[in-house]
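In case you want the letters, here they are:
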Amino acid sequence: MSQALIVIDLQQDFCPGGALAVPDGDRIISPINALMADSQAVVFTQDWHPAGHSSFATSHEGKAPYDLIDMPYGPQVLWPDHCIQGQPGAEFHPELHADHAEMVIRKGYNAAIDSYSAFFENDHKTPTGLEGYLRTRGIDKVVIVGLALDFCVNFSAVDAAQLGFAVTVREDLCRAIDLDGSLGAARDGMRAAGVRLEASDG
Ligand code: VGL
Ligand code: ZN
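No experiment lies behind these values; they were computed from the predicted model shown.

Participant: Teacher, can you tell me more about the pairing of strand S7 (residues 166-175) here?
Facilitator: Strand residues, when the strand is regular, have side chains that alternate between the two faces of the sheet. Counting buried residues in S7 gives 7 out of 10 residues, a clear majority hidden from the surface. Examined bridge by bridge, strand S6 (residues 141-147) and S7 share 6 bridges and lie parallel to one another. In the strand pairing of S7, valine 142 is matched with valine 167. As for the winding sense of the linkage, the β-α-β connection from S6 through helix H3 (residues 149-162) to S7 is right-handed. Of the crossover connections in this fold, the one passing from S7 over helix H4 (residues 182-192) to the parallel strand S8 (residues 196-198) is right-handed.

Here it is as structure tokens:
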């Protein structure tokens, strides 16, 4: 089996001090650097929103971060402004060895729709192109690490499994936001989709 390591959204805004900081998000960077050194195909995702993106609470009158709204494609959590294109918060964390990435998938650049998954926007239809990239490289297994376990890692892992890839999520190399039980729901959903959840190597 040919395998890819997918590193999800290890950006400044998701690390301590950032606009949408995931607790201990920076603690996983050094072991991920070590894992990348041992992996062939390394793919990064980068959350990459235009200013005024529809997933930002500031784009909706009277709404606050973490409120839930209905969008044409389904329910959407509203977030603090984060990962705005070209701004420091959207950059990869400086300790991450970003030179290992052979492919960087940017997502969330359409103002009207959020994109948690590395494979599809949140309408579950509009592809990012990652599926084609992996298939044309002959990859049939993916290992997923990064931020946040209950949002972008979760959506990416479930989509990858549904597309027919063998999927492992290294939970020890992820951290969660955990909003209203989102972590438990994400674990259940990943398991139901056939994702293998691993706490460490092997
Ligand atoms: C993410 C919320 C909003 C993530 C991205 O990377 O999990 N979460 N944008
Ligand atoms: Zn985002």
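Participant: Help me understand the coordination of the zinc ion (ligand 2) in this model?
Facilitator: Six octahedral donors around a metal ideally subtend angles of 90 or 180 degrees, whereas four tetrahedral donors ideally subtend 109.5 degrees. Looking at the zinc ion (ligand 2), the protein donor atoms are Asp47 (OD), His49 (NE2) and His82 (NE2), and they sit 2.0 to 2.2 Å from it. Read N to C, the donor residues that coordinate the zinc ion (ligand 2) are spaced as D-x1-H-x32-H. Note that aspartate 47 is positioned in strand S2 (residues 41-47) and histidine 82 in the loop between strand S4 (74-77) and strand S5 (103-107), a separation of 35 residues in sequence. In this structure histidine 82 comes out as buried when scored by relative accessible area, which is 3%.

Participant: What is the right way to read H4 from this model?
Facilitator: Given 3.6 residues to a turn, an α-helix orients residues that are three or four positions apart in the same direction. For H4, the complete set of buried residues consists of Ser182, Leu183, Ala186 and Met190. In an axial view of H4, the angular spread of the buried residues amounts to 95 degrees, which keeps them on one side of the axis. Exposed positions of H4 whose direction lies more than 90 degrees from the buried face are Asp188, Arg191 and Ala192. Looking at the buried positions of H4, the neighbouring elements they touch are H3, S7 and S8.

Participant: Help me understand the nonpolar core, please; the structure alone is not making it clear to me.
Facilitator: Where a protein is soluble and globular, its nonpolar side chains tend to be buried together. Grouped together as the largest cluster of nonpolar side chains are 63 residues, with contacts concentrated most on Phe119, Leu134, Val142 and Val169. Among the elements that take part in this core, H3 stands out by supplying 8 residues, more than any other. Look past the residues within four positions of valine 169 in its chain and what remains in contact with it is Ile144, Leu149, Val153, Ala157, Cys174, Met190, Val195, Arg196, Leu197 and Glu198. Counting 6 residues, the second-largest nonpolar core is a separate cluster that includes Ala57, Met71, Tyr73 and Leu78.

Participant: Is there a simple way to think about the site of ligand 1 in this case?
Facilitator: Around ligand 1, the neighbouring residues are Asp9, Phe14, Leu20, Asp47, Trp79, His82, Tyr116, Leu147, Ala148, Phe151 and Cys152. Take aspartate 9: an N or O atom from its side chain is 2.6 Å from an oxygen atom of ligand 1. At 3.1 Å, a backbone N or O of cysteine 152 approaches an oxygen atom of ligand 1. Surface burial for ligand 1 is 100%, taken as the share of its 260 Å² of free accessible area covered by protein chains. Its atoms largely coinciding with the cavity grid, ligand 1 occupies the largest cavity. Class assignment of the residues belonging to the shell around ligand 1 gives a composition of 8 nonpolar, 1 polar and 2 charged.

Quick notes on the rules
- Residue numbering note: each chain is counted from 1, following its sequence as written.
- Key to labels: chains lettered from A, ligands numbered from 1, both in the order written.
- The model is predicted, so local features are restricted to residues of pLDDT at least 70 and side-chain atom pairs to those at 80 or more, both for listing and for counting; the totals for chains, interfaces and linings are taken over all residues.
- To obtain the side-chain values, all non-hydrogen atoms of the structure were included, while hydrogens and water were left out.
- To sort residues, take the accessible area from a 1.4 Å probe on protein chains only and compare it with the maximum for the residue type: under 20% means buried, over 50% means exposed, and anything in between is partly exposed.
- Secondary structure follows DSSP: runs of H or I at least 4 residues long count as helices, runs of E at least 2 residues long count as strands, and numbering of each begins at the N terminus.
- At least two bridges found by DSSP between two strands is the condition for calling them paired.
- For a crossover, the right-handed case is the one in which the path from the first strand over the helix to the second runs clockwise, viewed with the strands pointing away from the viewer.
- Coordination partners: N, O, S within 2.8 Å of the metal, 3.2 Å for Na, K and Ca; water not considered, so apparent gaps in a site are possible.
- When we speak of the arc, we mean the arc of directions from the helix axis to the C-beta atoms.
- Only heavy atoms matter for contacts: two residues are in contact if any of them lie within 4.5 Å across the pair.
- As used here, the term nonpolar core means buried Ala, Val, Leu, Ile, Met, Phe, Trp, Tyr and Cys residues forming a set that is joined through side-chain atoms within 4.5 Å.
- Put simply, a residue is near a molecule or strand once any heavy atom of it comes within 4 Å of that molecule or strand.
- Think of a polar contact as two N or O atoms within 3.5 Å of one another; within protein, one of them needs to be a possible hydrogen donor and the other a possible acceptor, and neighboring residues in sequence only count if both atoms come from side chains.
- For the accessible areas, the method is Shrake-Rupley and the probe is 1.4 Å, while residue cover comes only from the protein chains on display.
- Points on a 1 Å grid, built from protein atoms alone, make a cavity when a 1.4 Å probe fits but cannot get out and make a pocket when they are open with protein on both sides within 12 Å along at least 5 of 7 lines; residues with an atom within 4 Å of a point are the lining residues.
- Think of it this way: a molecule belongs to a cavity or pocket when more than half its atoms come within 2 Å of the grid points there.
- Residue classes follow a fixed rule: Ala, Val, Leu, Ile, Met, Phe, Trp, Tyr, Cys and Pro count as nonpolar, while Asp, Glu, Lys and Arg count as charged, and any other residue, Gly among them, counts as polar.

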